[in-house]
Structure formats: C-alpha cells, structure tokens
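# A look at the structure
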Amino acid sequence: MKTPLRLAAALAAVFLLASCSAPAADSTADSTSAPTEQVEQVEEVEEAPEPVDLSGEWKQTNSGAEDSFQSATITGQTIEVFWNSPDMQAIYWAGTVEVPADGSTSFTWDSVNDKTKTDNALMASSDDTKTFTYTDGELSYELTALGTTMTVRLAKQ
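What you see is a predicted model, and the numbers here were worked out from it, not measured in a lab.

Next up on the list: the overall build of the protein. Looking only at helices and strands, one finds two helices and eight strands in the protein. In the protein, the succession of α and β elements from N to C terminus is α-β-β-β-β-β-α-β-β-β. Accessible surface, the protein: about 10,800 Å² in total, of which carbon and sulfur atoms supply 55%.

Right, dumping it as structure tokens:
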C-alpha cells in the first residue's frame, strides 16, 4: 500500500512543481515582450501631413499671350477666377475650395458656384459646379468659351 501512496505523492509533487514553474516562464515572456510591443507602438505613431495650402494668387501658364490670361485668388475656402487683359479684369468663376485634410498632393474637387458673384457678370461661367484639379503645384480646370473647350493651367505666384 505504501507504493501507491508514494506514487500518488510523487505525481502530486510533479504537478505542483510544473504548475509553480509555468507562471514564472509566462511572466518572463510577458515582461520581455511588453517593452518590444511598446517600442513598436511608438514607432508606428507618425505625424499627420499638413494639408496643401492653396491660398494666394495664381496665374495662367498656358495662355499663349502675355497680356491676356486668367488668374485666380484663393482665400480660405473660396476661389475667384478672372479674365485679364490690358484694359479689363472680369470675373469668370467664384466658388468653393475643398482641400483634403490628409495632406494629399494630388486631388480634385467640385467647386460650387457662388452665383451672387457670377449671375450678373457677362464673362462668368453659368455652370453650377466646376471641377478643379491640383497636381504637382499646378491648378487646372476646363474652360469653354465661344464653342471651344481648353484646359487652363495656373501656377502659384
């Protein structure tokens, strides 16, 4: 009878030792992996890029004439585009500007016409919206006048 009792005591001792050593191994693993995870989390945090700043004066680069061109003024979330010649400046477009907050350097937006500024202007577009594109520092849009459509390209001054 002593043999089964000894066998049971030996098995209990083995289980007791195994259960005591298991948490120590796990806690060591946890303590070594926790700082690594924290370092990885710190490395993943990056500063969000700043949105593109379109504000300022813009001038047409593809007009074909030095003294006749389109220009634009962007202030905050508004844009005004003008026809320019030696003897006049007339509004062509007045509308909204939408710059993505994610810092994109190439994007398009549909500008909504501010008809309070364009309805009574003879040379203004009567479109409800106009699609503008910003790519590589250039602002562009399509213009149709007298049955001809062209892409106007502007650079910031």
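Next, the rest of the story.
Its location among the elements puts Ala94 in strand β4 (residues 88–96). Ala94 gets classed as buried once you look at its relative accessible area, which sits at 1%. Measuring from C-alpha to C-alpha, the distance between Ala94 and Val81 comes to 6.4 Å, with 13 residues separating the pair along the chain. Residues contacting Ala94, with those up to four places away along its chain left out, are Ile79, Glu80, Val112, Asn113, Asp114, Lys117 and Thr118.

What follows concerns the side chain of Asn113. Structurally, Asn113 is set in the loop between β5 (106–112) and α2 (115–118). Excluding residues within four positions of it along the chain, Asn113 makes contact with Trp93, Ala94, Gly95, Thr118, Ser125, Ser126, Asp127 and Asp128.

Time to look at the pairing of strand β1 (residues 56–60). As paired strands, β1 and strand β2 (residues 69–75) are joined by four bridges and run antiparallel to one another. Bridge pairing links Glu57 to Thr73 in β2. By the bridge criterion, three bridges tie β1 to strand β8 (residues 148–156) in an arrangement that is antiparallel. For Gln60, the partnering residue across the bridge sits in β8 and is Leu154.

Before going further, it helps to spend a moment on the pairing of strand β7 (residues 138–145). As paired elements, strand β6 (residues 129–135) and β7 share three bridges and run antiparallel to each other. Bridged to Thr135 within β7 is Glu138. Bridge count between β7 and β8: eight bridges; the pairing is antiparallel. Across the sheet, Leu143 pairs through a bridge with Met150, a residue of β8. Taking the residues that link successive antiparallel strands as the turn, the β7-β8 hairpin has two residues, and the phi of Leu146 there is positive, at about 50°.

Turning our eyes to something else, we now look at the environment of Asp102. Following the sequence through the fold, Asp102 ends up in the loop between β4 and β5. Counting along the chain gives 52 residues from Asp102 to Glu50, while the straight-line C-alpha distance between them is 7.0 Å. Among the polar contacts made by the side chain of Asp102, one reaches the side chain of Ser104 at a distance of 2.5 Å.

Although it is not a glycine, Asp136 sits at a positive phi angle of roughly 50°. Tracing the backbone shows Asp136 in the loop between β6 and β7. Despite not being glycine, Leu146 shows a phi value in the positive range, around 50°. By relative accessible area, which is 90% here, Leu146 ends up exposed.

Strand order across the open sheet formed by eight strands is β4-β3-β2-β1-β8-β7-β6-β5, with antiparallel pairing between neighbours. Where the open sheet ends on each side, the last strands, each with one partner, are β4 and β5. When the angles between neighbouring strand axes are averaged without regard to direction, this sheet yields 25°.

This paragraph deals with the confidence of the model for the protein. Looking at the protein as a whole, its pLDDT mean stands at 83, while 71% of the residues score no less than 70. The model gives residues 7–22 a pLDDT under 50, and that stretch makes zero contacts with residues more than four places away or in other chains.

Definitions and limits used
Residues numbered from 1 in each chain as written. Predicted model: local features only at pLDDT ≥ 70, side-chain atom pairs only at ≥ 80, totals over all residues. Heavy atoms only, no water. Helix = DSSP H or I, 4+ residues; strand = E, 2+ residues; numbered from the N terminus. Areas by Shrake-Rupley, 256 points an atom, 1.4 Å probe, with all protein chains shown as cover. Buried < 20%, exposed > 50% of the residue type's maximum accessible area, 1.4 Å probe, protein only. Contact = heavy atoms within 4.5 Å. Pairing = 2+ DSSP bridges. Polar contact = N/O pair within 3.5 Å; in protein donor to acceptor, adjacent residues only side chain to side chain. Axes fitted to C-alpha atoms, helices over the stretch in contact; angles between N-to-C directions. pLDDT = per-residue confidence, 0-100.

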